[in-house]
Amino acid sequence: MPRRHLIIGGGTAGMNAIRTIREEETERSTITLVSAEKPYSRMVLPYYLDRSIAESHVFTATARVLADWGVTTHLGKHATALDTKVNACTLDDGTTVEYDDCLIATGSSAVRAPVPGADGPGVHSFWTLDQARGVLAQIRPGSHVVMVGAGFIAFTILNSILSLGAKLTIVEVAPRILPRMIDDTGAGLVQTWLEKNGVAVRTGAKLTRIDEVKGRRRLKMAAGGDLVADVVIMATGIRTNLAWLNGSEVKINQGVVVDDRLRSSVPNVYAAGDVAEGRDLISQANAVHAIEPTAQEHGRIVGANMAGKDVRYRGSLIINIVEVCHLDVASFGAWDDAKAETMSGVKADRPAYRKLLWRGDRLTGAIILGPSTDIWTTNDVGMLKGLVQSGVSLGAWKAYLKKNPFDIKPAFIATKTTSSLLPETILGRPSKAPGESPVAV
Ligand SMILES: Cc1cc2nc3c(=O)[nH]c(=O)nc-3n(C[C@H](O)[C@H](O)[C@H](O)COP(=O)(O)OP(=O)(O)OC[C@H]3O[C@@H](n4cnc5c(N)ncnc54)[C@H](O)[C@@H]3O)c2cc1C
């Protein structure tokens, strides 16, 4: 069994792999972690931005904890090449680390709109802790923040920006907000809700350049008038961190192509998280999901397989959930499947919306939105996710849901969805208390 494990990337996928190796191995192995940043969770950065958690709380493992886990670290270092013929990874300081098996978990980086001025002062991305520090240092009560891009990541930080007392304008080049998370109807309801809550939204709005004018930013728009901002945040997409693998034997498509054990085309090289192109639970085709639950699950599966187990992954479910100004917005699975049978219901005054997508009598995707204060919104988010994830056959309940898309509970209970999901664990064994093993990250 491999004795020297190399983990490249100390984010969610990498840290879950380390934890799982230590939980699952029968003999103590050597683990080396190479990571450009110290281990922390990007997903909690919005709470750091609104100051509801201290900076120390974003980290998932301190130097002391890593030492206790017996992990040798190269932190602040980039992997620059992987030679799979001799099983060695080169770092940017010239160090070479040899391995018996390795995990590529280098995540993604933010990409800015390719316009003049995008890299100027006062223009930020919000993906890393360093970038979060930069935004936090510049936003003051009354600042005008312009968010370029209205995708999922932009929406994870809207509440934080507003809670800092800033005025917010969102510009989106697509004809609607959240173009990769919800459909036209949902996007229209969310946009109206944001506007009622004092957020200005411009869709179909193309940014052409950013200039500095007397210490502020002027955003030149192709149409509809320019904008002046104190702080610009570019939430215009992400790109996988895979350029360092150019020339290696590892097969890359949109991400590192992996099999159902999360092995790449090179058998002793695994990939996990944002960089991995693994199986999608609903379509069973390979896809890059770039979401936290996928990174966690991938990390657990890879860790177990690196520790000598043989664990198959059944695929990851697309889960997008955000809460904006107390409106819950979520989509699951194949929510945009043009070939699926669909049914929907809208209550524009609340606002509330449900869209259910079917293949036969199974729910394969769903969109839901509603006020967070309505208890059934929160409950239905969980139940719809469960129905899509379990793939239960809904039989006669399909007709019931068609008539009553706002009454999910009877169908959820009658089909015993909870009992079909409860025995399921990622590693195929009952959960166990952390004990001596590293705690969850
Ligand atoms: C503000 C924000 C909010 C988010 N909210 C959510 C949410 O609510 N729900 C959700 O599902 N997802 C959310 N995400 C996305 C989620 O954080 C990512 O999907 C997740 O972090 C992916 O984990 P990962 O381990 O694959 O990569 P990462 O967490 O990005 O970790 C990659 C690690 O690799 C390191 N690295 C990169 N290149 C190299 C190299 N060449 N050599 C060595 N190390 C390298 C990086 O420094 C980093 O430590 C959010 C992201 C952000 C930024």
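These figures come from a predicted structure and were not determined experimentally.

> What is the right way to read the site of the ligand from this model?
Close to the ligand lie 33 residues; Ala13, Glu37, Arg42, Ala79 and Glu292 are nearest. A distance of 2.8 Å is found between a nitrogen atom of the ligand and a backbone nitrogen or oxygen belonging to alanine 79. Aspartate 274 places a side-chain nitrogen or oxygen 2.8 Å from an oxygen atom of the ligand. The fraction of the free accessible surface of the ligand (1000 Å²) that becomes covered by protein chains is 95%. Counting only elements with at least two residues in the shell around the ligand, the list comes to α1 (12-24), β2 (30-35), α5 (152-163) and α7 (292-306). Of the residues in the shell around the ligand, the class split is 17 nonpolar, eleven polar and five charged.

> Looking at this model, I keep getting lost on the environment of histidine 144. Mind explaining?
The residue histidine 144 is located in strand β10 (residues 144-148) in this model. Through-space distance from the C-alpha of histidine 144 to that of arginine 3 is 54 Å; in sequence the pair is 141 residues apart. Dropping the residues within four chain positions of it, histidine 144 is found in contact with Lys167, Thr169, Arg216, Val228, Ala229, Asp230 and Val231. Within the structure, the side chain of histidine 144 is placed 2.8 Å from the side chain of threonine 169, a separation counted as a polar contact. Reaching out from histidine 144, the side chain makes a polar contact with the backbone oxygen of valine 228 at a distance of 2.7 Å.

> When you look at the sheet that holds strand β13 (residues 207-213) in this model, what are you seeing that I'm missing?
Sheets are built from strands paired through backbone hydrogen bonds, the pairs being either parallel or antiparallel. Pairing is antiparallel across the open sheet formed by three strands, whose spatial order is β13-β14-β15. Taken across any chain shown, the strands that pair with only one partner, and hence form the sheet edges, are β13 and β15 (227-229). Going across the sheet, the axis of each strand differs from the next one's by a mean of 25°, ignoring polarity.

> Where do I start with the pairing of strand β25 (residues 352-359) in this structure?
Across the eight residues of β25, seven count as buried, placing the element largely inside the fold. Between strand β24 (residues 341-347) and β25, which pair antiparallel in sequence order, lie four residues. Note that β25 and strand β26 (residues 362-371) share seven bridges and pair antiparallel. Across the sheet, residue tryptophan 358 finds its bridge partner in β26, namely leucine 363. Between the antiparallel neighbours β25 and β26 lie two residues, among them glycine 360 with a positive phi of about 60°.

> Explanation requested: the packing of aromatic side chains in the structure shown.
Pairs of aromatic rings are described using the distance from one ring centre to the other and the angle between the two planes. Applying the stated criterion across every chain yields a total of three aromatic pairs. Plain terms: the ring middles of tryptophan 376 and phenylalanine 406 are 6.4 Å apart, the flat faces sit at 85° to each other, and that makes the pair edge-to-face. A residue pair is termed long-range when its members are at least 10 positions apart, and tryptophan 376 in helix α8 (residues 375-390) and phenylalanine 406 in the loop between α9 (397-403) and α10 (409-414) qualify at 30 residues. The ring centre of phenylalanine 59 lies 5.9 Å from the NZ or CZ of lysine 38, which sits over that ring. The cationic tip of lysine 347 hangs over the ring face of phenylalanine 406; the distance from NZ or CZ to the ring centre is 4.4 Å.

> Just checking my understanding: could you explain the pairing of strand β7 (residues 101-104) for this structure?
Two faces belong to every sheet, and in a regular strand the side chains alternate between them. The alternating pattern of β7 places Asp101 and Leu103 on one face and Cys102 and Ile104 on the opposite face, and all of these are buried. Bridge count for strand β1 (residues 4-8) against β7 is four bridges, and the pairing is parallel. Note on β7: the bridge partner recorded for histidine 5 is aspartate 101. Relative to strand β19 (residues 269-271), β7 is paired through three bridges, and the arrangement is parallel.

> What exactly am I supposed to notice about the packing of α1 against α7 here?
Describing two packed helices takes the angle between their axes plus the distance from one axis to the other. The contact between α1 and α7 brings their axes to 7 Å, and the two run at 35°. Helix-helix and strand crossings are classified by hand; for α1 and α7 the assignment is right-handed. Of the residues in α7, those in contact with Thr12, Ala13, Asn16, Ala17, Arg19, Thr20, Ile21, Glu23 and Glu24 of α1 are Glu292, Ala295, Gln296, Gly299, Arg300, Gly303, Ala304 and Met306.

> Any chance you could explain helix α6 (residues 184-196) here in plain terms?
Between the first and last C-alpha of α6 there are 18 Å, a value that for 13 residues agrees with the 18 Å anticipated at 1.5 Å per step. Among the residues of α6, those classed as buried are Gly186, Ala187, Leu189, Val190, Gln191, Trp193 and Leu194. Once α6 ends, the next one or two residues include glycine 198, with phi positive near 85°.

> Sorry, what's going on with the nonpolar core here?
Generally speaking, soluble globular proteins have nonpolar side chains that are buried together. Ranked by internal contacts, the top residues of the largest apolar core, which has 47 residues, are Ile7, Leu82, Leu103 and Ile104. Counting residues per element, the ones that place at least two in this core are β1, α1, β2, β4 (79-83), β5 (88-91), β7, β19 and α7. If we ignore the near neighbours within four places in the chain, the residues touching leucine 82 are Ile8, Ala88, Cys89, Tyr99, Cys102, Ile104, Trp244, Leu245, Ser248, Val250 and Val269. One finds Val58, Ala150, Val322 and Val324 within the second-largest nonpolar core, a separate group that totals 45 residues.

> Any chance you could explain the pattern of salt bridges here in plain terms?
Note that side chains of opposite charge can pair when their charged atoms are close. Summed over all chains, the structure comprises 30 salt bridges. Measuring nitrogen to oxygen at the nearest pair gives 3.0 Å for the salt bridge that ties aspartate 230 to arginine 216. Within this pair, whereas aspartate 230 is found in the loop between β15 and β16 (231-234), its partner arginine 216 is found in strand β14 (residues 216-221), the two being separated by 14 residues in sequence. The class for aspartate 230 is partly exposed, based on a relative accessible area of 25%.

The rules we used
- Residues numbered from 1 in each chain as written.
- Predicted model: local features only at pLDDT ≥ 70, side-chain atom pairs only at ≥ 80, totals over all residues.
- Heavy atoms only, no water.
- Near = heavy atom within 4 Å.
- Polar contact = N/O pair within 3.5 Å; in protein donor to acceptor, adjacent residues only side chain to side chain.
- Areas by Shrake-Rupley, 256 points an atom, 1.4 Å probe, with all protein chains shown as cover.
- Helix = DSSP H or I, 4+ residues; strand = E, 2+ residues; numbered from the N terminus.
- Nonpolar A, V, L, I, M, F, W, Y, C, P; charged D, E, K, R; others polar.
- Contact = heavy atoms within 4.5 Å.
- Pairing = 2+ DSSP bridges.
- Axes fitted to C-alpha atoms, helices over the stretch in contact; angles between N-to-C directions.
- Buried < 20%, exposed > 50% of the residue type's maximum accessible area, 1.4 Å probe, protein only.
- Phe/Tyr/Trp six-rings, centres within 6.5 Å; stacked < 30°, edge-to-face > 60°.
- Lys NZ or Arg CZ within 6 Å of the ring centre and 35° of its normal.
- Left-handed = near helix turned anticlockwise from the far one by under 90°.
- Expected span 1.5 Å × (residues − 1).
- Core = buried A, V, L, I, M, F, W, Y, C linked by side-chain atoms within 4.5 Å.
- Salt bridge = Lys/Arg side-chain N within 4 Å of Asp/Glu carboxyl O.

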